[in-house]
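Architecture at a glance
Listed below are the residues making up each chain.
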Amino acid sequence: GDACPTELRDDDIFEQNQYPSMLPTGSKSQLFNFCPSSTPSSSSQEHSPKLFVTTTDNVLSKAFTDAGAELGLANHNFNPARYTIRNGIRWSSYHEYLRPAFGRANLHVLTNSVVQRVIFDEAKRAVGVALADSADGTAIVINALREVILSAGAFQTPQLLKLSGVGPAAELKRHNVPLVHDAPQLGQNLFDHLNLPLYVSINTTASVTLNKIANLHSIYNYLKHGTGVFSST
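Residues numbered from 1 in each chain as written. Predicted model: local features only at pLDDT ≥ 70, side-chain atom pairs only at ≥ 80, totals over all residues. Heavy atoms only, no water.

1. Some details on the side chain of K162
Cut-off, in case you're wondering: Secondary structure elements follow DSSP: runs of H or I of four or more residues count as helices, runs of E of two or more count as strands, with numbering from the N terminus. Categorising residues by exposure relies on relative accessible area from a 1.4 Å probe, with only protein chains included: less than 20% of the type maximum marks a residue as buried, more than 50% marks it as exposed, and the intermediate range marks it as partly exposed. Here, two residues are considered to be in contact whenever any of their heavy atoms come within 4.5 Å of each other.
Its location among the elements puts K162 in helix 5 (residues 153-163). The exposure class assigned to K162 is buried, which follows from its relative accessible area of 17%. Non-local contacts of K162, meaning those with residues more than four positions away in its chain, are made with G167, P168, E171, L172, V177 and L186.

2. Considerations on helix 3 (residues 59-70)
To keep things clear, this is the line we draw: A helix's residues, less one, multiplied by 1.5 Å, set its expected span.
The first and last C-alpha atoms of helix 3 sit 16 Å apart over 12 residues, in line with the 16 Å expected at 1.5 Å per residue. Looking one or two places after helix 3, you find G72, whose phi comes out positive at around 75°.

3. As for the pattern of salt bridges
Where charged atoms of side chains with opposite charge meet at close range, the side chains can pair. Here is the rule we go by: Salt bridges are counted wherever a side-chain nitrogen of Lys or Arg sits within 4 Å of a carboxyl oxygen of Asp or Glu.
This model, assessed by the stated rule, comprises 1 salt bridge. For K162, the salt bridge is made with E171, and the minimal N-O distance between the two is 3.2 Å. A residue is classified by how much of its surface remains accessible, and E171, at 22% relative accessible area, is partly exposed.

4. What to know about the layout of surface pockets
To be explicit about the condition: Using protein atoms alone on a 1 Å grid, points that fit a 1.4 Å probe yet trap it form a cavity, whereas open point sets bounded by protein on both sides within 12 Å along at least five of seven lines form a pocket; residues with an atom within 4 Å of a point count as lining. Grid points are joined across faces, edges and corners, and a volume is the space filled by probe spheres set on the points. Classes in brief: Ala, Val, Leu, Ile, Met, Phe, Trp, Tyr, Cys and Pro nonpolar; Asp, Glu, Lys and Arg charged; the others, Gly included, polar.
Approximately 1,200 Å³ is the volume attributed to the second largest pocket. As for the second largest pocket, its lining consists of 26 residues, of which N106, L107, H108, E147 and I149 are closest to the centre. Put simply, the parts of the chain that give the lining of the second largest pocket at least two residues each are strand 6 (113-120), strand 7 (126-133) and strand 8 (139-143). Tallied by class, residues from the lining of the second largest pocket come to 17 nonpolar, 6 polar and 3 charged.

5. Quick word on the side chain of S164
Structurally, S164 is set in the loop between helix 5 and strand 9 (166-167). The exposure class assigned to S164 is buried, which follows from its relative accessible area of 7%. Each residue touching S164, except ones within four places of it in the same chain, is listed here: R117, V118, F120 and V180.

6. Structural notes on the confidence of the model for the protein chain
Where we set the bar: pLDDT runs from 0 to 100 and stands for how confident the predictor is about each residue.
In this model, the protein chain carries an average pLDDT of 76, and 73% of its residues clear a pLDDT of 70 or more. Counting interchain partners and residues more than four positions distant, the pLDDT-below-50 stretch residues 1-20 has 41 contacts. Note that pLDDT drops below 50 for residues 36-47; the model gives that stretch 32 contacts with residues more than four away or on any other chain.

7. Some words on the UniProt feature "domain: Glucose-methanol-choline oxidoreductase N-terminal" (unreviewed entry) in the protein chain
The cut-off we apply is this: UniProt positions are given in the numbering used here, feature names are shortened, and annotations may be inferred rather than shown by experiment.
In this structure's numbering, the residues bearing the UniProt feature "domain: Glucose-methanol-choline oxidoreductase N-terminal" (unreviewed entry) are residues 153-167. Annotated as residues 153-167, this span is 73% helix and 13% strand, and its ends, taken at the C-alpha atoms, are 16 Å apart.

8. Describing the sheet that holds strand 6
Spelled out, the test is: The criterion for strand pairing is that DSSP finds at least two bridges linking the strands in question. Lines fitted to the C-alpha atoms define the axes, with helices restricted to the stretch that makes contact. Angles between their N-to-C directions range from 0 to 180 degrees.
Spatially, the 3 strands line up as an open sheet ordered 6-7-8, and their pairing is antiparallel. The open sheet has two free edges, formed respectively by strand 6 and strand 8, since each of these has just one partner strand. Each adjacent strand pair in this sheet contributes to an overall mean axis angle of 25°, direction not counted. In this structure, strand 6 lies alongside strand 7, joined through 7 bridges in antiparallel fashion. Counterpart to I119 in the pairing with strand 7 is G128.

The following block contains the structure:
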């Protein structure tokens, strides 16, 4: 079939300002599927997409997005929720990247291990990590041949950098952490992602109800075809 009209690829993502920070500069081979369906189009499969970003496609979503235009709020961001779903299942970087790589000889996953700090050389280049086995506290140092990727979330990423000597110099000095690089803004400007649920009564059965969940037809559609109410969130 034809490609979804809301499908963006390569330079289109940058030109339309769609998540430009998610792609590395100079390497824009990723494809994001914004089709309102959990099943990728034939065009998506041809280009081997990695993340399937789907939108909800129902009466409530359309009513919500239309409300902005009806109220004259065209400049405000009225959008349906987006999910990373493929064939009715939440699709993550684990499914696309990690799980297929389990058989590789160069992949080693350490469980029950806590990273203590990133190791830097005299040129302030990350050359390894120091960690401890949480079971017995055994200290382990892993040296990197090429690079160190620090991906510990919004809270622990700056925490680990500070423990490694990267951060506000005055703060590191108070905690007797040897300074590697003074970065005054590290760990600053954290904003919470507020979520305000809104409950309203409507004159239709478009919403998810207990009857739809506790329904053999819904269960069959999900298990057999990966569709229906169970595949939408």
